[in-house]
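If you want the building blocks of each chain, they are given just below.
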Amino acid sequence: MTEEITTLTEQAPPPVREWPAHDLAGTEFDPVLADLMREGPLTRIRLPHGEGWAWLATRYDDVKLITNDPRFSRTEVTRRQVTRLAPNFAPRPGSLAWADQPDHNRLRKPIAGAFTVGAMKRLRPRAHGILDELLDGVVRDGPPADLVERVLEPFPITVVSEVMGVPAGDREQVHAWTRQIISTSGGSEAADRAKNGMYGWITDTIRARAQSTDEDVYSLLGLAVGRGDISEEEAVGLAGPLQIGGEAVTHNCGQMLFLMLTRPELRERMQEPGARGPVLDELLRHIPHRASVGLARIALEDVVLRGHRISAGEPVYVSYLAANRDPEVFPDPDRIDPDRDPNPHVAFGNGVHYCTGAVLARLQIELLVDTVLERLPGLRLAVPADQVVWRRKTMIRGPQTLPVSW
Ligand code: HEM
């Protein structure tokens with residue numbers, strides 16, 4: 001199809017497809033998403049919560065276009081009950097995820113310095129030390145061990161606290177709140193209590209750092225509030241998702257290690273000089289990081305895309321998981337191919353809302369994979385692969401536990 005035809009010929013809107021919440025095991029690609037990708041570049045979906053339907057874009061080029069185009073707004077979504085996966089919807093002021101430009105820049109500016117490549121280089125030795133301590137414990141206690149409980153969960157939580165500037169004396173409490181907020185079993189009342197506790201603590205901490213000259217995130221936010229660049233409410237809304245953002249690393253890396261433990265050729269490949277980066281990138285592309293789709297956008301004006309008119313006011317989702325399997329960009333997309341070159345995956349998103357923690361996440365993933373494989377030679381699953389238990393009723397997919405021996 002030529003560009004001219006796609007923009008000039010308008011087609012009837014596709015049928016609205018139900019996309020129920022499924023618990024998927026292992027690293028299986030969601031079969032509903034696979035069907036939607038086959039059905040068309042643009043389809044329409046209804047998710048378990050919220051109202052009405054939304055457009056879904058699955059092709060790489062469309063996903064990149066929509067996520068880079070200010071005609072699609074995040075802020076508008078906060079005024080609506082768009083069809084969605086999550087049962088509850090309580091966007092906070094200050095949250096980067098819901099901000100459009102120029103607000104997004106204003107909010108991101110105070111904290112950007114804490115997540116740069118340079119800042120992460122400085123963090124690396126400390127992060128390595130945290131990981132070594134965790135693995136010392138695992139080695140001391142001997143096999144078997146649950147890698148999720150012993151390493152994959154505590155490591156990102158502790159590293160994030162380091163970046164945020166959580167004082168040693170408050171860490172136990174902050175980490176307990178984090179676990180309750182992200183846990184799938186705690187029930188929503190416990191999660192709400194933990195959120196209240198955490199957000200109260202964040203407010204006090206930011207207030208107490210109004211004059212701080214340190215470079216941790218809470219100090220940077222305290223200063224920005226003092227200067228009047230952002231409000232206190234915005235600072236708190238900015239900090240919350242960052243403080244619990246480590247969860248993504250736990251589960252993504254859980255999927256990564258599961259794949260490495262079940263596909264020996266990947267581990268062998270990792271040993272080759274220069275291969276680690278490409279292998280990890282290919283796994284980032286391949287891993288079905290999340291369930292369903294993330295946050296919607298709303299068209300602010302009519303946009304004709306692939307022959308369909310997306311009218312002003314209509315919600316649109318993009319699927320980064322689908323874009324990462326677009327055969328036009330990634331030949332033989334379901335195959336894990338460490339030789340894939342180039343590999344321009346969008347595992348961390350694209351455009352304004354590109355993941356704030358991407359460099360931090362990469363640092364942690366590299367350290368985790370390297371250190372776990374190095375310190376636990378002969379690492380293997382302690383149960384058959386099909387008995388690994390996977391997280392249920394969750395936004396971010398990954399193993400619930402990863403029992404290993406070595
Ligand atoms: C946004 C992926 C780790 C903080 C995102 C987005 C993706 C993503 C796909 C959404 C882009 C969009 O809305 O269009 C991942 C993956 C991770 C990871 C795969 C780990 C493997 C982290 C970490 C942090 C973090 C460690 C912070 C400590 C955020 C924030 C946003 C975000 C604050 C919202 C950014 C915005 O809307 O401007 N991430 N992430 N992420 N991520 Fe991550």
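Now for a quick tour of the structure. Note that the structure is predicted; figures quoted are calculated from it, not measured. (Residues numbered from 1 in each chain as written. Predicted model: local features only at pLDDT ≥ 70, side-chain atom pairs only at ≥ 80, totals over all residues. Heavy atoms only, no water.)

Bringing the packing of helix α14 (residues 276-286) against helix α16 (residues 358-375) into the picture now. Contact geometry for α14 and α16: axes closest at 11 Å, N-to-C directions at 115 degrees. Between α14 and α16, the angle falls in the class roughly perpendicular. Where α14 crosses over α16, the handedness of that crossing is right-handed. Of the residues in α16, those in contact with Arg276, Leu280, Asp281 and Leu284 of α14 are Arg362, Ile365, Glu366, Val369 and Asp370. The residue makeup of the contact of α14 with α16, split by class, is four nonpolar, no polar and five charged. (Axes fitted to C-alpha atoms, helices over the stretch in contact; angles between N-to-C directions. Helix = DSSP H or I, 4+ residues; strand = E, 2+ residues; numbered from the N terminus. Parallel < 35°, antiparallel > 145°, perpendicular 65-115°, else oblique. Left-handed = near helix turned anticlockwise from the far one by under 90°. Contact = heavy atoms within 4.5 Å. Nonpolar A, V, L, I, M, F, W, Y, C, P; charged D, E, K, R; others polar.)

One open sheet holds the three strands; their spatial order is β5-β11-β10, and the pairing between them is antiparallel. For this open sheet the edge positions go to β5 (145-146) and β10 (380-381), each flanked by a neighbour on one side alone. Relative to strand β11 (residues 403-405), β10 is paired through two bridges, and the arrangement is antiparallel. Along β11, the bridge assignment pairs Leu381 with Val404. (Pairing = 2+ DSSP bridges.)

To continue, consider the site of the ligand. The immediate surroundings of the ligand are formed by 23 residues, with Arg74, His104, Tyr320, His353 and Cys355 found nearest. Side-chain polar atom of Arg297 to an oxygen atom of the ligand: 3.2 Å apart, as the coordinates give it. Contacts to the ligand include His353, whose side-chain N or O atom sits 2.7 Å from an oxygen atom. Mapped onto the shell around the ligand, the elements with two or more residues apiece are α12 (247-262) and α16. (Near = heavy atom within 4 Å. Polar contact = N/O pair within 3.5 Å; in protein donor to acceptor, adjacent residues only side chain to side chain.)

Here the focus is the packing of aromatic side chains. Within the structure shown, the criterion is met by six aromatic pairs. Look at Trp53 and Trp55: their rings are 5.8 Å apart centre to centre, the planes differ by 85 degrees, and that puts the pair in the edge-to-face class. When its relative accessible area of 2% is taken as the criterion, Trp55 is described as buried. With a centroid separation of 6.4 Å and 65 degrees between ring planes, the pair formed by Phe348 and Tyr354 is classed as edge-to-face. We note Arg44 situated over the ring of Trp53; from NZ or CZ to the ring centre the distance is 4.4 Å. The ring of Tyr199 has Arg92 lying over it, and the distance from NZ or CZ to the ring centre is 3.5 Å. (Phe/Tyr/Trp six-rings, centres within 6.5 Å; stacked < 30°, edge-to-face > 60°. Buried < 20%, exposed > 50% of the residue type's maximum accessible area, 1.4 Å probe, protein only. Lys NZ or Arg CZ within 6 Å of the ring centre and 35° of its normal.)

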